[in-house]
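# Overview (structure and organization)
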Amino acid sequence: MTAVGTFLDAFADDVEGICLFSPSSSLYSTFADADEPVVVIGAENTVDADVFVELPLEFRDPTERIRFGVEGALGQDELDEEMELLCVLGSFGDDMDTVMRVRAGDFSDSGVYDLFANSRADPSVVRNVLEVSVELGKKGQKGKPVGALFVVGDAGKVMNKSRPLSYNPFEKSHVHVGDPIVNVMLKEFSRLDGAFVISDSGKIVSAYRYLEPSAAGVDIPKGLGARHMAAGAVTRDTNAIAIVLSESDGLVRAFKSGELILELDPEDY
Ligand SMILES: Nc1ncnc2c1ncn2[C@@H]1O[C@H](COP(=O)(O)OP(=O)(O)OP(=O)(O)O)[C@@H](O)[C@H]1O
Ligand SMILES: [Mn+2]
């Protein structure tokens, strides 16, 4: 065997599961008789795989794609945490150019998959709100750090658990998050108090909402203030998720079912 062959053989030794990211039919059929379970992960099941995990977003970063896909497969009980996996994907385009070996358990429990896939709001709406928060965190408002609170999904119930702090600039409008003009408006209004309420489909329902959920049983990390507490609590009281940009530490956090499930530094994106 060649040196490369020997290396690859050792690399794939003891692998217990195979994840194929958006494979071609020919690649998929190469693994048809594999002894290990094969999971196909992608936006669509174009190869008619028996075991398929949908990626609701395009993750350009291969490690993010793997994290999301493996978490999804674990969530669907297609893999278990002890497994050593071989992930095959195209990092620079559609052609397969990357093989990564990972341990399934390293990707469990971050809740990121759950945030996108099992929220009431569309995955693209969740992504758009995350993107606005990250941009706002990077640039601030006119160079100053700014905070913001976005409550996404289950808007009717969220409106019932909150009250207006001021006139709602989105009252008669039908605008959606992700639209560039709307993102400018969201950044502009983030200087003012309260929360934005966004519907399952991404419509901006209101700005300036003061949230009044019951905070009973909400367990968020110490040191976070009223904005984060309100964010956590509203996601326990309703089926919304909340995305918060902190004015004081500059981090973006996401809450679901009363828990902090994602924390990221805008400077890393
Ligand atoms: N219940 C609430 N509903 C909506 N907005 C709120 C609520 N409580 C606080 N806020 C908003 O959060 C802002 C900051 O409050 P506070 O400093 O207590 O929160 P925090 O969690 O420490 O957030 P930050 O990290 O951004 O400082 C307030 O000025 C207000 O605009
Ligand atoms: Mn504060």
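Criteria and thresholds
Residues numbered from 1 in each chain as written. Chains lettered and ligands numbered in written order. Predicted model: local features only at pLDDT ≥ 70, side-chain atom pairs only at ≥ 80, totals over all residues. Heavy atoms only, no water. Near = heavy atom within 4 Å. Polar contact = N/O pair within 3.5 Å; in protein donor to acceptor, adjacent residues only side chain to side chain. Areas by Shrake-Rupley, 256 points an atom, 1.4 Å probe, with all protein chains shown as cover. Helix = DSSP H or I, 4+ residues; strand = E, 2+ residues; numbered from the N terminus. Nonpolar A, V, L, I, M, F, W, Y, C, P; charged D, E, K, R; others polar. pLDDT = per-residue confidence, 0-100. Pairing = 2+ DSSP bridges. Axes fitted to C-alpha atoms, helices over the stretch in contact; angles between N-to-C directions. Buried < 20%, exposed > 50% of the residue type's maximum accessible area, 1.4 Å probe, protein only. Contact = heavy atoms within 4.5 Å.

## Section: the site of ligand 1
Around ligand 1 sit 14 residues in total, of which D193, H228, S246, E247 and S248 are the nearest. With respect to ligand 1, the backbone of L211 contributes an N or O atom lying 2.9 Å from a nitrogen atom. Taking 620 Å² as the accessible area of ligand 1 by itself, protein coverage stands at 76%. At the level of secondary structure, the elements contributing two or more residues to the shell around ligand 1 comprise β9 (204-211) and α8 (226-237). Tallying contributions element by element places α8 first for the shell around ligand 1, with four residues. Tallied by class, residues from the shell around ligand 1 come to five nonpolar, five polar and four charged.

## Considering the confidence of the model for the protein
For the protein, per-residue confidence averages 91 on the pLDDT scale, and 98% of positions sit at 70 or higher. Interface confidence for the predicted complex, given as ipTM, is 0.99, next to a pTM of 0.80.

## What about the sheet that holds strand β4 (residues 84-89)?
Sheet strands pair via backbone hydrogen bonds, and the direction of the pair is either parallel or antiparallel. Overall, mixed pairing links the five strands, which are arranged β3-β2-β1-β4-β5 in an open sheet. Edge positions in the open sheet fall to β3 (52-54) and β5 (98-103), since each of these has one partner strand only. Within this sheet the neighbouring strands show an average axis-to-axis angle of 25°, counted without direction. With four bridges joining them, strand β1 (residues 17-21) and β4 adopt parallel strand pairing. Looking across to β4, one finds that C19 is bridged to C87.

## Some words on helix α7 (residues 180-189)
Among the residues of α7, V182, N183, L186, K187 and F189 are the ones counted as buried. On its buried side, α7 packs onto α5 (123-139), β6 (148-152), β8 (195-198) and β9.

## Focus: the sheet that holds β9
Read from one edge of the open sheet, seven strands run β7-β9-β8-β6-β10-β11-β12, paired in mixed fashion. For this open sheet the edge positions go to β7 (162-164) and β12 (259-264), each flanked by a neighbour on one side alone. Strand-to-strand twist in this sheet, taken as the mean axis angle between neighbours without regard to direction, amounts to 30°. The sheet strands contacting α7 are β6, β8 and β9, and the helix crosses β9 at an angle near 15°. Sheet contacts for α8: β6, β9, β10 (241-245), β11 (252-256) and β12; angle to β10, the most-contacted strand, approximately 170°.

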